[in-house]
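Here is how the chains run, residue by residue.
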Amino acid sequence: MSEYYWDNKIDYLRSTRWLYYNDDYLEFLIQKVWKINKPVEIVDYGCGFGYLGLKLLPLLPNGSTYTGIDKGMELIKQANEIFSKLSYNAEFIECDIEKVELEKKYDIAVSHAFLLHMPNPKSILQKMLDCVQDNGMVICFEPHWIGNMANYYLDGIEQSDVIRLGILQELYERDHKRTAKDGNIGIQIPIMLSQLGLRNVGCRVSDKVNFLDQNIDTESKNMLYSSLKEEGLGQEPNDISEVLKNLLARGLNEMEAQKQYEAEATFSKEFSDKSWLVYAPNMKISFGTVK
C-alpha cells in the first residue's frame, strides 16, 4: 500500500467528484465566461486520476491537450489506465509539485480541491502562473468549507441540531492556524490571484445541487445516497472518547466538543436512504489572466 495518503483514497475520489458540477455549467464557463474557442494546452496541478481532464476535454475545442501532475504513484497509474482507453491527447507526470519547475508553455493551469491541502498555496499559485504563457489563464476549483456546511437541508430536522456553524467555523480557523492548510481557501483565491499580478480576476460558484428525492427511481437514489455517505454526510462518528479527545486537541472546550459530537451523532442517526436531503457543495471557481 502506498504511503501517500491520496493513493489510498482513489475509490472515494471516483465516487464523490460527480457531486460537484453540472456539465452544462462547465460548458457555459468555457464558452461564455472564459471564451475558449481554440485548442489549448492545460496543465493540472494535483490531478489525481485526471478528473478535471475527464470533465473539461469533452467540452474544449478539438486538439486541446491535458497534462496532469501529481505526487501519487497509484493516482498517476490510474490516470494512465483511464486515458489509455480514450482518444484525448493526455500525459501524466509523477512528481513533487512543491519542487517541480515546468516550462512556460501552457495556455491554462488548473487545480481542483488541491490547494486546500497545501501549507503554501500562494507559492503553488506562483508556480501555476509561471508555467502559463502571456494571456493564458489560471483556474482554480477549490472548496469553501463553511459555505459548504451552510448548504445542507435535512427535512424534518432543525439544521442547528446537525450543523453547528459557529463551532465548525472556529474549528476550521484553528486548524488553519495549526496546520497552515485551509479548507476555506476557495473564497480567498481571487484575492491571491490579483495580488500575484493576474488580471481580469473573477470567481463563480458551482451550480450543482444534489437532491435526495424519495420520488426518483431506486437506482438513482441509491447511487446518490451512497456517494453522499462516502462524501461524509451522516457518517457515524467514532467512539465518543476518541472524538472528544480529537476535538479538544483541535481547540474546542469540553462543552463545545460535546455539542459537536452530539450534532454528528444526530446527523448519523437521522440521515438514511429514506431521508429527503438537499446539498450544494458550493465549490468556488476562481480565474485570472496572466499578463
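Residues numbered from 1 in each chain as written. Predicted model: local features only at pLDDT ≥ 70, side-chain atom pairs only at ≥ 80, totals over all residues. Heavy atoms only, no water.

Undergrad: Tell me about the nonpolar core, residues and numbers included.
TA: Ranked by internal contacts, the top residues of the largest apolar core, which has 91 residues, are Trp 34, Tyr 45, Val 138, Ile 139, Leu 228, Phe 271 and Leu 277. At six residues, the largest contribution of residues to this core is made by strand E5 (residues 132-142). Ignoring anything within four residues of it in the chain, the contact list for Leu 228 reads Leu 19, Leu 212, Leu 233, Phe 271, Leu 277 and Tyr 279. (Core = buried A, V, L, I, M, F, W, Y, C linked by side-chain atoms within 4.5 Å. Buried < 20%, exposed > 50% of the residue type's maximum accessible area, 1.4 Å probe, protein only. Helix = DSSP H or I, 4+ residues; strand = E, 2+ residues; numbered from the N terminus. Contact = heavy atoms within 4.5 Å.)

Undergrad: Outline the pattern of salt bridges, supporting the account with residue identities and numerical values.
TA: Taken as a whole and judged by the stated rule, the model has six salt bridges. With a shortest N-O distance of 3.0 Å, Lys 127 and Glu 101 are connected by a salt bridge. With a gap of 26 residues between them, Lys 127 in helix H5 (residues 121-130) and Glu 101 in the loop between strand E3 (89-94) and strand E4 (106-112) connect regions that are remote in the sequence. Assessed through its relative accessible area of 13%, Lys 127 is described here as buried. (Salt bridge = Lys/Arg side-chain N within 4 Å of Asp/Glu carboxyl O.)

Undergrad: Tell me about the packing of aromatic side chains, and please be specific about residues and values.
TA: Two numbers describe a pair of aromatic rings. These are the distance of the centres and the angle of the planes. Tallied over the full model, the rule gives 17 aromatic pairs. Seen in terms of ring centroids, Tyr 152 and Tyr 279 are 4.8 Å apart; in terms of plane orientation they differ by 15°. Their pairing is stacked. On the criterion of sequence distance, the pair formed by Tyr 152 in strand E6 (residues 152-154) and Tyr 279 in strand E9 (residues 277-279) is long-range, its members being 127 residues apart. For Tyr 279, a relative accessible area of 1% gives the class buried. Seen from their ring centres, Phe 267 and Phe 271 are 5.9 Å apart, and the 70° between their planes marks the pair as edge-to-face. Of the two residues, Phe 267 and Phe 271, neither departs from the other in class, the shared state being buried. (Phe/Tyr/Trp six-rings, centres within 6.5 Å; stacked < 30°, edge-to-face > 60°.)

Undergrad: Now, about the environment of Lys 181: what can you tell me, with residues and values included?
TA: Structurally, Lys 181 is set in the loop between helix H8 (165-179) and helix H9 (189-195). Residue class for Lys 181 comes out partly exposed when judged on its relative accessible area of 39%. As a C-alpha pair, Lys 181 and Pro 121 span 60 residues in sequence and 8.4 Å in three-dimensional space.

Undergrad: Which residues make up the side chain of Ser 206, and what values do they have?
TA: Position of Ser 206 among the secondary structure elements: in the loop between strand E7 (199-205) and strand E8 (210-212). Judged by relative accessible area, which is 8%, Ser 206 ranks as buried. Of note is the side chain of Ser 206, whose polar atom sits 3.5 Å from the backbone oxygen of Tyr 20. Those residues within four positions of Ser 206 in sequence are excluded, and the remaining contacts are Tyr 20, Tyr 21, Tyr 25, Asn 282, Met 283 and Ile 285. (Polar contact = N/O pair within 3.5 Å; in protein donor to acceptor, adjacent residues only side chain to side chain.)

Undergrad: Summarise the sheet that holds E8; cite the residues concerned and give the values.
TA: Here we have three strands laid out as an open sheet, ordered E6-E9-E8, and antiparallel in their pairing. The two strands at the open ends of the sheet, each matched to only one other strand, are E6 and E8. Pairwise comparison of adjacent strand axes, ignoring direction, gives a mean angle of 5° for this sheet. Of the strand pairs in this sheet, E6 and E9 are connected by three bridges, and their pairing is antiparallel. Bridged to Tyr 152 within E9 is Tyr 279. Strands E8 and E9 of the sheet are contacted by helix H10 (residues 218-231), whose axis makes an angle of about 115° with E8. (Pairing = 2+ DSSP bridges. Axes fitted to C-alpha atoms, helices over the stretch in contact; angles between N-to-C directions.)

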